[in-house]
Amino acid sequence: MTGARGHRVSVALAAEPRRLIICAVFDKDGHIDDFVAYSLAALRPHAARILVVVNGALTPESRSALDSVADEVLVRENTGYDIGAHRAALAHLGDGLEEFDEVILTNDTWYGPMRPWGPVFARMDRSACHFWGLTDHAPSRLNPFTRGGSAPYHLQSYWIAVRRAMFESEEWRRYW
């Protein structure tokens, strides 16, 4: 659906949306902690596809653990941090991204779920938005990462959900 200026208007998701989860993981020794497999297994009922991108090496045991919860595991050189892994996944998918209504870019820096995912997804599926996150960060006068300047209000980057109106946009393509 397009608005008055030709921009895509965001709408709530249809019942049972096709959701893609792209999860970036890293461990210097190639080990995947049990909580990562637990987290992905809990997301499984809400995802049409789970793609895990490993930055660096992966032990055979960890590969087996990821294979049990993901549809696909990509192992790549550890460059570009999580954003590099997400970029590699999007490039790997190419036009296949069009199959989905929502894409979740996440990583292995969170634990959970502590409660079922169902109510979270049900609430957000009804929300007309282009993107959403689980948590935000208040603005701060001193940027905690650079120790200078300020940090604006932002969504935490460990979980960004993006809807079709956004990921099919020219701006999205230019960004990636």
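What comes next is a walk through the structure. (Residues numbered from 1 in each chain as written. Predicted model: local features only at pLDDT ≥ 70, side-chain atom pairs only at ≥ 80, totals over all residues. Heavy atoms only, no water.)

## Examining the overall build of the protein
When helices and strands are tallied, the protein shows six helices and eight strands. Going from the N terminus to the C terminus, the protein shows its helices and strands as β-α-β-α-β-α-β-α-β-β-β-β-α-α. Taken against the 2.2 N^0.38 rule, which gives 16 Å for 176 residues, the C-alpha radius of gyration of the protein at 17 Å falls within 12% of a compact globule. Dimensions of the protein along its principal axes, counting C-alpha atoms only, are 55 × 45 × 35 Å. The buried share of the protein, reckoned over its 176 residues, is 40%. (Helix = DSSP H or I, 4+ residues; strand = E, 2+ residues; numbered from the N terminus. Rg over C-alpha atoms; globule rule 2.2 N^0.38 Å. Buried < 20%, exposed > 50% of the residue type's maximum accessible area, 1.4 Å probe, protein only.)

## Quick look at helix 3 (residues 81-93)
Compared with an ideal rise of 1.5 Å per residue, which puts 13 residues at 18 Å, helix 3 spans 19 Å between its outermost C-alpha atoms and is within 8% of the ideal. Once helix 3 ends, the next one or two residues include Gly-94, with phi positive near 55°. (Expected span 1.5 Å × (residues − 1).)

## A look at the packing of aromatic side chains
For the structure on display, the rule yields 10 aromatic pairs. Ring geometry for Trp-117 versus Trp-159: centroids 4.9 Å apart, planes at 10°, classification stacked. Highlighted residues: Trp-117 in the loop between strand 4 (102-107) and helix 4 (118-126) and Trp-159 in strand 8 (residues 159-163), separated in sequence by 42 residues. The same class applies to Trp-117 and to Trp-159, which are both buried. Members of the aromatic cluster, connected to one another through ring pairs, are Trp-110, Trp-117, Phe-121, Trp-132 and Trp-159. (Phe/Tyr/Trp six-rings, centres within 6.5 Å; stacked < 30°, edge-to-face > 60°.)

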